[in-house]
Amino acid sequence: WPRPPRPRSGAGIAMRLVTQNLLTCQVKACMDTAATPDGGFLSYPLKVVPDAGGLKQVASPFDEGVAKSILPRLDWAALRKTAAELGVAALPEEVPAGAESDAGFLRSVYALVFDIHLEEGNLLCPHCGRAYPVRKGVPNMLLRDDEM
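Here the structure is a predicted model, which is why all the values come from computation and not from measurement.

Asker: What should I look at first to understand the sheet that holds strand 3 (residues 55–57) in this one?
Answerer: Pairing is antiparallel across the open sheet formed by three strands, whose spatial order is 1-4-3. Looking at which strands have only one partner, the edges of the open sheet turn out to be strand 1 (15–16) and strand 3. For strand 3 and strand 4 (residues 116–118), the ladder comprises three bridges, and the chain directions are antiparallel. When the bridges of strand 4 are listed, Q57 appears paired with I116. Its contacts with the sheet put helix 5 (residues 103–115) on strand 1, strand 3 and strand 4, and the angle it makes with strand 4 is roughly 15 degrees.

Asker: Got a minute to help me understand the sheet that holds strand 7 (residues 138–139) in this structure?
Answerer: Hydrogen bonds along the backbone pair up the strands of a sheet, which may run parallel or antiparallel. Taking strand neighbours across the sheet as the criterion, the four strands line up as 2-5-6-7 in an open arrangement whose pairing is antiparallel. Two strands bound the open sheet, and with one partner strand each, they are strand 2 (47–50) and strand 7. Both strand 2 and strand 5 (residues 121–124) contribute to a ladder of four bridges, which runs antiparallel. Bridge pairing links K47 to L124 in strand 5.

Asker: Which parts of the structure should I look at to understand the pairing of strand 5?
Answerer: For a regular strand, side chains alternate in direction, first toward one face of the sheet and then toward the other. Alternating residues of strand 5 divide into G121 and L123, all buried, and N122 and L124, none buried. Taken together, the four bridges between strand 5 and strand 6 (residues 131–135) define a ladder with antiparallel strand orientation. Bridge pairing in strand 6 places L124 opposite A131. Adjacent in sequence and paired antiparallel, strand 5 and strand 6 are bridged by six residues, among which G129 carries a positive phi angle near 85 degrees.

Asker: So what exactly am I meant to see when it comes to the side chain of S43 here?
Answerer: Inspection of the secondary structure puts S43 in the loop between helix 2 (28–33) and strand 2. Judged by relative accessible area, S43 falls into the buried class, the value being 2%. Beyond its immediate chain neighbours, meaning those up to four positions away, S43 contacts T24, C25, C30, A34, C125, P126 and H127.

Asker: Where do I start with helix 4 (residues 76–86) in this structure?
Answerer: For helix 4, the set of buried residues is W76, A78, L79, T82, A83 and L86. End-on view of helix 4: buried residues confined to an arc of 160 degrees, all on one side of the axis. Within helix 4, the exposed residues directed more than 90 degrees away from the buried face are A77 and A84. For helix 4, the secondary structure elements touched by its buried residues are helix 1 (17–20), strand 2, strand 3 and helix 5. Its side-chain oxygen placed 3.3 Å from the backbone nitrogen of A77, D75 serves as the N-cap of helix 4.

Criteria and thresholds
Residues numbered from 1 in each chain as written. Predicted model: local features only at pLDDT ≥ 70, side-chain atom pairs only at ≥ 80, totals over all residues. Heavy atoms only, no water. Pairing = 2+ DSSP bridges. Helix = DSSP H or I, 4+ residues; strand = E, 2+ residues; numbered from the N terminus. Contact = heavy atoms within 4.5 Å. Axes fitted to C-alpha atoms, helices over the stretch in contact; angles between N-to-C directions. Buried < 20%, exposed > 50% of the residue type's maximum accessible area, 1.4 Å probe, protein only. Arc of directions from axis to C-beta. Polar contact = N/O pair within 3.5 Å; in protein donor to acceptor, adjacent residues only side chain to side chain.

Shape is all these values report; function is a separate question.
Given below as structure tokens:
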């Protein structure tokens, strides 16, 4: 994986949408019932539910190499859904042909996945409803004993 950009000094730690694009509910009962016939999961993507003022946009320097490297690793449908729910971007249904050589597109995707920060709020499982709190930019994915 490419190294993500470091936050600007004073920006602090924050969960970025690139992280949310990788996370899924880990509750055992949820995992046991979340599989769909097409190979997907009802527990993915976790819905971003920011507290008031908990979602911020913090610009970071664009790195074309990182953008090209991350693009094929993103779950595009999940990113598109999250961006629409948050009202932060309108993405095309599919990654456009030749996107890896379109600097403007790469810049837009890079800004979306690295510059949108969830500092306070929750990640909510769409299948079982389990809320994973995000405090000071750190998602708490730890489970209680009865959830393992």
